[in-house]
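Summary of the model geometry
The chain contents come next:
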Amino acid sequence: MQEEHHRNVRFTQDPSLEREVLDRLRDKYLTTKPHPHLTELLYCLTRAWYDQRRPLPPSDQELMYFAIGFGLEAVILRVEGERDIESTQVDGVWLTLDYIDLYGQGADLKSTRMYPDPMTGEPKRGWPENWHKQFMAYARLLGSTNFGVVVMYLVPAKLVAGVLSYSKQDMDDNWEWVLDRAGELQMFLDAGEPPPPFATNAAWECKNCRYRMRCEVLKGT
């Protein structure tokens, strides 16, 4: 067997090549969605307001997270020649499903750095609440109380798929919450002022948020 020798190999980082690839990612990331979209209502409304009124470009870290999800979705869920699922408006809120199988069962793909429970395949620390809110809204759109989820655990690499079942009451309560969020966001958009900082989000959302400095300045005034 021929041995490989790499004693004379040298690696030189190329910032211009990195920037070219990141710029391509940014072009894909900045694809506009109809407003208000379910995904913006599930997270910080202050961020959603800035995205609409005074946007900043996504950070390189955000682009990395986006690339992982975007790439996995293209490989796992998309079939060549198949049309993308179009967004649907319900009660003034837009929803965009990832995938609908042959039996009409909706499903969403999630990539995560969480760890799976070896016995159940579920996230060890439980399903994120925002996932539940998103899945219940999608299930409601399809007239079902069930919704599929495909979880791609990144470390260790493992794919788990299954169906989550919800009660109709939980789904109705969830949709009322979504509509309340949509109304709150629109109120601040109409007023021309962002929602109060750190008031409409979970604490973990601030960690890599590109608007964090703005919120800290507003909070300190």
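A brief look at the structure comes next. (Residues numbered from 1 in each chain as written. Predicted model: local features only at pLDDT ≥ 70, side-chain atom pairs only at ≥ 80, totals over all residues. Heavy atoms only, no water.)

Looking at the overall build of the chain
Going by this rule: Each helix is a run of H or I in the DSSP string that is no shorter than four residues. Each strand is a run of E no shorter than two, and both are numbered from the N terminus. Burial classes: relative accessible area under 20% of the type maximum marks a residue as buried, over 50% as exposed, and values in between as partly exposed (1.4 Å probe, protein chains only). Contact between two residues is taken to exist if any of their heavy atoms lie within 4.5 Å; hydrogens are not considered. For the area figures, the Shrake-Rupley method with a 1.4 Å probe applies, and any residue is considered shielded solely by the protein chains shown.
For the chain, the helix and strand inventory stands at 7 helices and 6 strands. Evaluated residue by residue, the chain yields a buried proportion of 34% over its 221 residues. Within the chain, residue pairs in contact and separated by at least 24 positions form 69% of the contacts whose partners lie at least 6 positions apart. Taken as a whole, the chain presents about 14,400 Å² of accessible surface, with 54% of it coming from carbon and sulfur.

A few points about unusual backbone geometry
Excluding glycine, residues mostly carry a negative phi; peptide bonds, for their part, are mostly trans. Across the junction of H35 and P36, the peptide omega takes the value -5 degrees, indicating a cis bond. Positionally, P36 belongs in the loop between helix 1 (15-29) and helix 2 (38-41). Here the amide bond leading from V155 into P156 is cis, since omega sits at -5 degrees, within 30 degrees of zero. Relative to the helices and strands, P156 resides in the loop between strand 5 (146-153) and strand 6 (158-165). Phi is positive for D91, which is not a glycine, with a value near 55 degrees. Tracing the backbone shows D91 in the loop between strand 1 (88-90) and strand 2 (93-95). Judged by its relative accessible area of 52%, D91 is exposed. Notably, F198 is not glycine yet its phi reads approximately 60 degrees, a positive angle. Structurally, the position occupied by F198 is in the loop between helix 6 (168-191) and helix 7 (212-220).

Some remarks on helix 4 (residues 60-76)
Operational definition: To estimate the expected span of a helix, subtract one from its residue number and multiply by 1.5 Å.
Between its terminal C-alpha atoms helix 4 stretches 24 Å, which fits the 24 Å expected from 17 residues at 1.5 Å a residue. Every buried residue of helix 4 is accounted for by E62, L63, F66 and L72.

Details of a nonpolar patch on the surface
Stated precisely, the cut-off is as follows: Residues enter patches when their relative accessible area tops 30% and they take part in no salt bridge; the joining distance is 9 Å for like charges and 5 Å for the nonpolar side chains Val, Leu, Ile, Met, Phe, Trp and Tyr. By salt bridge we mean one thing: a side-chain nitrogen of Lys or Arg within 4 Å of a carboxyl oxygen of Asp or Glu.
Where nonpolar side chains cluster on the molecular surface, the patch consists of V75, I76 and L159 and spans about 270 Å² of accessible area. Inspection of the secondary structure assignment puts V75 in helix 4. On the basis of relative accessible area, V75 is assigned to the exposed category, the value being 68%.

Some thoughts on the packing of helix 5 (residues 129-141) against helix 6
Using the following cut-off: Only the stretch in contact is used when fitting a helix axis, every axis being a line fitted to C-alpha atoms; angles between N-to-C directions are given from 0 to 180 degrees. Angle categories: roughly parallel below 35 degrees, roughly antiparallel above 145, roughly perpendicular from 65 to 115, and oblique for all the rest. In this classification, Asp, Glu, Lys and Arg are treated as charged, Ala, Val, Leu, Ile, Met, Phe, Trp, Tyr, Cys and Pro as nonpolar, and every other residue, Gly included, as polar.
Running from amino to carboxyl end, helix 5 crosses helix 6 at an angle of 105 degrees, the nearest separation of the two axes being 9 Å. Here helix 6 runs roughly perpendicular to helix 5, going by the angle between their axes. Of helix 6, the residues touching helix 5 (which contributes K133, M136, A137, A139 and R140) are D170, M171, N174, W175 and W177. Of the residues belonging to the contact of helix 5 with helix 6, the class tally is 6 nonpolar, 1 polar and 3 charged.

Overview of the pattern of salt bridges
Pairs may arise between side chains of opposite charge once their charged atoms sit close together. Evaluation of the coordinates by the stated rule reveals 10 salt bridges. Across the pair E20 and R24 runs a salt bridge whose closest N-O atoms are separated by 3.1 Å. Taken together, the residues span about one helical turn, with E20 and R24 both in helix 1 at a distance of 4 residues. The exposure class of R24 is exposed, given its relative accessible area of 55%. Close ionic contact of R47 with D51 constitutes a salt bridge, the shortest N to O distance being 3.9 Å.

As for the packing of helix 3 (residues 45-53) against helix 6
Basically, it comes down to this: Handedness of each helix crossing follows the sense of rotation of the near helix against the far helix: counterclockwise by less than a right angle gives left-handed, clockwise gives right-handed.
Two numbers describe how helix 3 lies on helix 6: the axes approach to 10 Å, and their chain directions differ by 50 degrees. Considered as vectors, helix 3 and helix 6 are oriented oblique to each other. In this structure, the crossing between helix 3 and helix 6 has a hand that is right-handed. Residues L45, A48, W49, Q52 and R53 of helix 3 form the contact with helix 6, whose participating residues are R181, E184, L185, F188 and L189. Of the residues assigned to the contact of helix 3 with helix 6, the class counts are 6 nonpolar, 1 polar and 3 charged.

Remarks on the pairing of strand 6
Stated formally: Between any two strands, pairing holds if DSSP finds at least two bridges.
Here 8 bridges tie strand 5 to strand 6, and the two strands are oriented antiparallel to one another. Bridging from a neighbouring strand, M152 pairs with L159 of strand 6. The hairpin turn running from strand 5 into strand 6, its antiparallel successor, is 4 residues long.

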